[in-house]
Amino acid sequence: MNYQNLIVEFKAKTAVVTINRPDKLNALNKLTMEELYSVFSMLKNDGNIYVVILTGAGEKAFVAGADISELNQLDMIAGREFSERGQQVFNLIENLDKPVIAAVNGFALGGGCELSLACHIRIASQNAKFGQPEVNLGIIPGYGGTQRLTRLINSGRAMELILTGDMIDANEALRIGLVNHVYPQNELMDKALEMANKISSKAVPAVRLAVKSVNIVDEVSSKEGQLYEAAMFALCCGTEDFKEGTKAFLEKRKPEFKNK
Ligand code: COA
């Protein structure tokens, strides 16, 4: 399928999705959001893809936010639809069941920071900058950012970022747990692919059920979460890969997973 604002490449078991509007710092306009929905719907059902990497075109930005020229046209009714549709797109990414790694290669502001938060793992280049500058525009984060940022980092720090609109650099993002690793820009994609390949080499059913189990943490109580974990654990025990993984360990050899 052809996309106007996305580049989709396949590298072994990994799909690399690049948001491609570098002249607008990869700002998320309506078309880009709909293309993201379309590509992630396709990837969800593609049995040959185990991991997805999301990044931005060019060397300056991951995504510099929602497209402000479109934001400027919103009224109250359209604003609610805008926010709800954006939440649906980002929820699709979060609930893909396949790991999604954000390779943050520059500005991740507003909707861009929120997009990285919808991914399961964030790694960044040294020039990356994160922020929720919506308050400068008279709005608040509307693509899940008030919720996901507050759950990921401490709530006082999230509140400060959302209320001041300040940007933080990659090292500060690392310090507060917003990203897992920081690399020189020219190494970022290799590192993302390295992580994707490592995850792809594991038992795929276990990886997917782990994503589901971790994702549910904010939805339910700890007791309900543990019931869910036990159900996912039981599903793992019904897979061929579980038999192979444990058998291979006992036979002192590498497992040959069939992803079944
Ligand atoms: N929406 C629409 N266009 C955007 C954009 C956005 N969120 N962010 C950047 N752009 C466009 C600029 O308008 C400019 O377009 P032009 O060349 O046609 O004028 C182009 O991208 C380059 O941006 P520019 O501002 O010239 O780059 P810079 O290096 O001087 O500044 C930023 C970079 C990220 C600091 C600045 O672009 C910015 O503050 N962007 C908006 C960030 C934001 O508020 N995001 C949240 C939106 S909810």
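Structural data are supplied above this passage.
So, a few notes on the structure that sits alongside this text. The structure presented is a predicted model; accordingly, all values stated were derived computationally and were not measured. (Residues numbered from 1 in each chain as written. Predicted model: local features only at pLDDT ≥ 70, side-chain atom pairs only at ≥ 80, totals over all residues. Heavy atoms only, no water.)

## Quick notes on unusual backbone geometry
Part 1: You will see that asparagine 26, though not glycine, has its phi angle at about 60 degrees, which is positive.
Part 2: Note on placement: asparagine 26 falls in the loop between strand 2 (14-19) and helix 1 (30-44).
Part 3: With phi around 55 degrees, lysine 252 is a residue other than glycine that occupies positive phi space.
Part 4: For lysine 252, the position within the fold is in the segment after helix 11 (240-250).
Part 5: Here lysine 252 falls in the exposed class, since its relative accessible area comes to 80%. (Helix = DSSP H or I, 4+ residues; strand = E, 2+ residues; numbered from the N terminus. Buried < 20%, exposed > 50% of the residue type's maximum accessible area, 1.4 Å probe, protein only.)

## Re the packing of aromatic side chains
Part 1: Overall, the coordinates contain 2 aromatic pairs when judged by the stated rule.
Part 2: Relative to tyrosine 143, the ring of phenylalanine 82 lies with its centre 5.2 Å away and its plane at 25 degrees, an arrangement referred to as stacked. On the criterion of sequence distance, the pair formed by phenylalanine 82 in helix 3 (residues 76-94) and tyrosine 143 in the loop between strand 8 (129-131) and helix 5 (145-152) is long-range, its members being 61 residues apart.
Part 3: Exposure remark for tyrosine 143: the relative accessible area of 4% places this residue in the buried category.
Part 4: Here phenylalanine 90 and tyrosine 143 contribute two aromatic rings whose centre-to-centre distance is 5.1 Å and whose plane-to-plane angle is 70 degrees, an arrangement assigned as edge-to-face. Taken as a pair, phenylalanine 90 in helix 3 and tyrosine 143 in the loop between strand 8 and helix 5 lie far apart in primary sequence, 53 residues in all. Here phenylalanine 90 matches tyrosine 143 in class, with each residue buried.
Part 5: One aromatic cluster in this structure is built from Phe82, Phe90 and Tyr143.
Part 6: Above the plane of the ring of tyrosine 37 lies arginine 85, whose end atom (NZ or CZ) is 4.2 Å from the centre. (Phe/Tyr/Trp six-rings, centres within 6.5 Å; stacked < 30°, edge-to-face > 60°. Lys NZ or Arg CZ within 6 Å of the ring centre and 35° of its normal.)

## Some points on the site of the ligand
Part 1: In the vicinity of the ligand, 16 residues are found, and the nearest of them are Lys24, Lys60, Ala64, Ala66 and Ile68.
Part 2: The side chain of lysine 24 places a nitrogen or oxygen atom 2.5 Å from an oxygen atom of the ligand.
Part 3: In the environment of the ligand, a nitrogen atom lies 3.0 Å from a nitrogen or oxygen atom belonging to the backbone of alanine 64.
Part 4: The set of elements that each furnish at least two residues to the shell around the ligand consists of helix 2 (68-71) and strand 6 (107-109).
Part 5: Of the residues in the shell around the ligand, the class split is 10 nonpolar, 1 polar and 5 charged. (Near = heavy atom within 4 Å. Polar contact = N/O pair within 3.5 Å; in protein donor to acceptor, adjacent residues only side chain to side chain. Nonpolar A, V, L, I, M, F, W, Y, C, P; charged D, E, K, R; others polar.)

## Some words on a nonpolar patch on the surface
Part 1: Together, Ile68, Leu137 and Ile139 line one region of the surface with nonpolar side chains, adding up to about 250 Å² of accessible area.
Part 2: Turning to its location among the elements, isoleucine 68 is positioned in helix 2.
Part 3: A relative accessible area of 48% places isoleucine 68 in the partly exposed class. (Patch = residues over 30% accessible without salt bridge, like charges linked within 9 Å, V, L, I, M, F, W, Y side chains within 5 Å. Areas by Shrake-Rupley, 256 points an atom, 1.4 Å probe, with all protein chains shown as cover. Salt bridge = Lys/Arg side-chain N within 4 Å of Asp/Glu carboxyl O.)

## Some thoughts on the packing of helix 3 against helix 4 (residues 111-118)
Part 1: Look at helix 3 against helix 4: their axes get within 8 Å of each other, and the N-to-C directions meet at 30 degrees. Considering the angle they form, helix 3 stands roughly parallel to helix 4. Of helix 4, the residues touching helix 3 (which contributes Phe90, Ile93 and Glu94) are Gly111, Glu114, Leu115 and Ala118.
Part 2: Of the residues belonging to the contact of helix 3 with helix 4, the class tally is 4 nonpolar, 1 polar and 2 charged. (Axes fitted to C-alpha atoms, helices over the stretch in contact; angles between N-to-C directions. Parallel < 35°, antiparallel > 145°, perpendicular 65-115°, else oblique. Contact = heavy atoms within 4.5 Å.)

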